[in-house]
Amino acid sequence: MLKTRIIPIQILILNLLLGIPLFSGNNTDIVLNPKPNLIEKNYGELIVHRTICGDLGNDDVYLFSPFDLAGDADGHLWVFDNLQARVIHLDKNLQYISSFGRAGNGPDGFSRGSMGCFVHIHVGQDRHIYANDITKKVLKVFNPSGDYVNSVPYRLPDIPEPPTSFRAVDKKGNFYFLIRKGNRIFVVNRARKPYFDIQGEKADFGFLYFKPSQAFLTYYQIPEKTDVFVLEERMYLYLKNSSVLYIRPLEKGTSCRRYLLHPKNALRIYQTRLEEIKKWPDSYQPFFIHFFPDLDSGKHFYLHLGREPDGSRNLLYKFSNDGNLDEVLFCRDPQGSFTRFRLKMNDTFYGIQDEKIMLYKEKQDDN
Amino acid sequence: MKRRENTAITLVIAVCIAFNVVTAALFNHRLQKIRKNIPYLLEKEKIRYFHLVDREGNVINHNTLHEDTPRLIFIFSTPCNPCNKNLPFWNSVAGIFKKKVKTIGIILDEPNSAFNFQERSHLNFPVFVPEDISRFRQEMRIHLNLAQTIFYADGVRYLQLGVLEPESVTTLCNVIKSHNRGE
């Protein structure tokens, strides 16, 4: 009896001395933030500051249909126009600089269907432009002047898939893919060397008031349901189904923080949405639609919730990097329109509404 | 003798004139035939029939084409594949020049299906159907379900047929822009 009590103590002492984690496994360095403050008390309004549409002051290029936006370290805006299959480069004052890309099969060509091209773009910290052609399943890399550098196909089964909006590139130009094995996601580099992994937990779905359907249990379907972003020396990995965010410094040996981001009002809205789609068994609805960090300070990140059930406000949640909810921002879209927020840069929020790029600024109180 | 010569000359001249008239008539007839086979109106050809109605029963006719405001006209039909491909471009161009150009879409379908289509596809421009579809098709010489993009200003038409490519839409935008600059 005495021996059985002593053994765990011995193991504990041995572990402490040798620095071995107490519970062997890959997730031991993940720290759950104890109690992030998720109270929705501060509300701020976003007002339209500027609209960019069509004429860019140049006879060669018009903006017909922005599909995705990205920002670089200089505050420049990069737009992918899906009707023209073109990446358009605008400066800080939104003046046209250059454009590149075309529809077609060449190295710099994007595949175009009847609804245009489905290409998400990202400007990496190495200043290269990463264009993820979803139809063709190719990640194309361009240098800042728009010259084609290389492309990484991910159609083959042994090549890991990047998330839909691929935004995981570090300063050295290393990019990270995700692979799924059961309920485990592995973040791997291009050579498939695992960087770190996370284990899915059914408990993450505790916020659902019904038994999760198969659509939700395919929790780790990476391409559509995960957002990954590398900014400065941090990697953000946001799981859209369970609204769990992992923030991990790129430096090895550092701890990964895990946040359950379920603010009360957002949860209520989400449950209303789930109720609406319940009649379609395989339907899927992410908790927050889109994740993007604050490119100005790097200290905050934003999660776009979407429209309230009554359609009055389009909500954007602002969190600090320690998982606390700082503010809920909202804008009022005109009837029949919806702004998809993509980016925060130069103290401005950039979103896409119909065929326009909308720039929003926070409304300042008169007091 | 001299009289006979004069008669002969007159006769020759008359024959020449008759020959020229007949040739011209034949040529004109042939030209008309060729024109009729072209599936669109030529640049300076008159639009004779332009009676359209919208969902609320508002009518526009060809007089509206001669108003000062330039018009952007998209002709299409719902089962037409090239037309469906053009819709995003049309939507976009209509949005870009919303304040400068009046845009209308003409759907060559039965009113019910046309207006249902308008509701479904969130178009940026108002949609009309011809009062008499077959006559409209005949007068505008739309033999096929061909997508037509027309910019009409000051009696001059700029026409794009079929599926629009980004380059042709850019050209269309430049035409509209240069017209506005000229004003």
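It should be noted that the structure appears before, not after, this text.
Residues numbered from 1 in each chain as written. Chains lettered and ligands numbered in written order. Predicted model: local features only at pLDDT ≥ 70, side-chain atom pairs only at ≥ 80, totals over all residues.

Undergrad: How should I be thinking about the overall build of chain B in this particular structure?
TA: Across its full length, chain B holds five helices and seven strands. Starting at the N terminus and walking to the C terminus, you meet the elements of chain B as α-β-β-β-α-β-α-β-α-β-β-α. Its C-alpha atoms give chain B principal-axis dimensions of roughly 85 × 40 × 30 Å. Expressed as a percentage of its 183 residues, the buried residues of chain B come to 26%. Across chain B, every contact between residues at least 6 apart in sequence was considered, and the portion connecting residues at least 24 apart equals 66%. (Helix = DSSP H or I, 4+ residues; strand = E, 2+ residues; numbered from the N terminus. Buried ≥ 20, exposed ≤ 12 C-beta atoms within 10 Å, placed from the backbone. Contact = placed C-beta atoms within 7 Å.)

Undergrad: Whenever I open this one, the overall build of chain A confuses me. Can you help?
TA: Of regular secondary structure, chain A possesses four helices and 28 strands. Buried residues in chain A amount to 34% of all 367 residues. By sequence separation, contacts in chain A at least 24 residues apart represent 47% of the contacts at least 6 residues apart.

Undergrad: What is the right way to read the interface of chain B and chain A from this model?
TA: A common way to express how large an interface is: the accessible area buried when the components associate. At the junction of the two partners, chain B supplies 14 residues and chain A supplies 15 residues. Of the residues that constitute the side of chain B that touches chain A, the class distribution is six nonpolar, seven polar and one charged. (Nonpolar A, V, L, I, M, F, W, Y, C, P; charged D, E, K, R; others polar.)

Undergrad: Would you mind going over helix H2 (residues 81-96) of chain B with me for this structure?
TA: One full turn of an α-helix is made of 3.6 residues, so residues set three or four places apart face in the same direction. Residues and elements named next belong to chain B. Taking 1.5 Å per residue as the helical rise, H2 with its 16 residues ought to reach 22 Å, and the 24 Å between its terminal C-alpha atoms agrees with that figure. If you look at H2, its biggest bend is around 40 degrees, right at leucine 87, and the proline proline 88 turns up within four residues after that. Taken as a whole, H2 has its buried residues at Cys83, Asn86, Leu87, Phe89, Trp90, Asn91, Ser92, Val93, Ala94 and Ile96. (Expected span 1.5 Å × (residues − 1). Bend = angle between axes of the 7 residues up to and from the residue.)

Undergrad: Got a minute to help me understand the pairing of strand E7 (residues 86-90) of chain A in this structure?
TA: The side chains of a regular strand alternate between both faces of the sheet. All names here are of chain A. Buried residues dominate E7, accounting for four of its five residues. Taken together, the five bridges between strand E6 (residues 77-81) and E7 define a ladder with antiparallel strand orientation. Residue pairing across strands places leucine 77 opposite leucine 90, the latter belonging to E7. Pairing geometry for E7 and strand E8 (residues 96-100), over four bridges, is antiparallel. Residue pairing in the sheet places leucine 90 in a bridge with tyrosine 96 of E8. (Pairing = 2+ DSSP bridges.)

Undergrad: How should I be thinking about the sheet that holds strand E11 (residues 119-123) of chain A in this particular structure?
TA: In a beta sheet, neighbouring strands pair by backbone hydrogen bonds and run either parallel or antiparallel. All names here are of chain A. Overall, antiparallel pairing links the four strands, which are arranged E11-E12-E13-E14 in an open sheet. Only two strands of the sheet have a single neighbouring strand rather than two, namely E11 and strand E14 (148-153). Here the strands of the sheet are splayed against their neighbours by 20 degrees on average, with no regard to which way each runs. As paired strands, E11 and strand E12 (residues 129-133) are joined by five bridges and run antiparallel to one another. Residue pairing across strands places valine 119 opposite aspartate 133, the latter belonging to E12. (Axes fitted to C-alpha atoms, helices over the stretch in contact; angles between N-to-C directions.)

Undergrad: Explanation requested: the nonpolar core in the structure shown.
TA: The tendency in soluble globular proteins is for nonpolar side chains to be buried side by side. Judged by nonpolar contacts, the single largest core of 110 residues is most densely connected at Tyr236 of chain A together with Val93 of chain B. The element best represented in this core is H2 of chain B, accounting for seven residues. If we ignore the near neighbours within four places in the chain, the residues touching tyrosine 236 of chain A are Val228, Phe229, Leu245, Ile247, Phe291, Pro293 and Phe301 of chain A. (Core = buried A, V, L, I, M, F, W, Y, C linked by C-beta atoms within 7 Å.)

Undergrad: Is there a simple way to think about unusual backbone geometry in this case?
TA: Glycine aside, a negative phi is what most residues show, and trans is what most peptide bonds show. Residue and element names in this part refer to chain A. One non-glycine residue, asparagine 346, lies in the positive phi region at around 50 degrees. Turning to its location among the elements, asparagine 346 is positioned in the loop between strand E26 (339-345) and strand E27 (348-353). Positive phi outside glycine occurs at aspartate 347, with the angle close to 55 degrees. Structurally, the position occupied by aspartate 347 is in the loop between E26 and E27. On the basis of neighbour counts, which here come to 12 C-beta atoms within 10 Å, the residue aspartate 347 falls in the exposed class.

Structural measurements only, silent on function.
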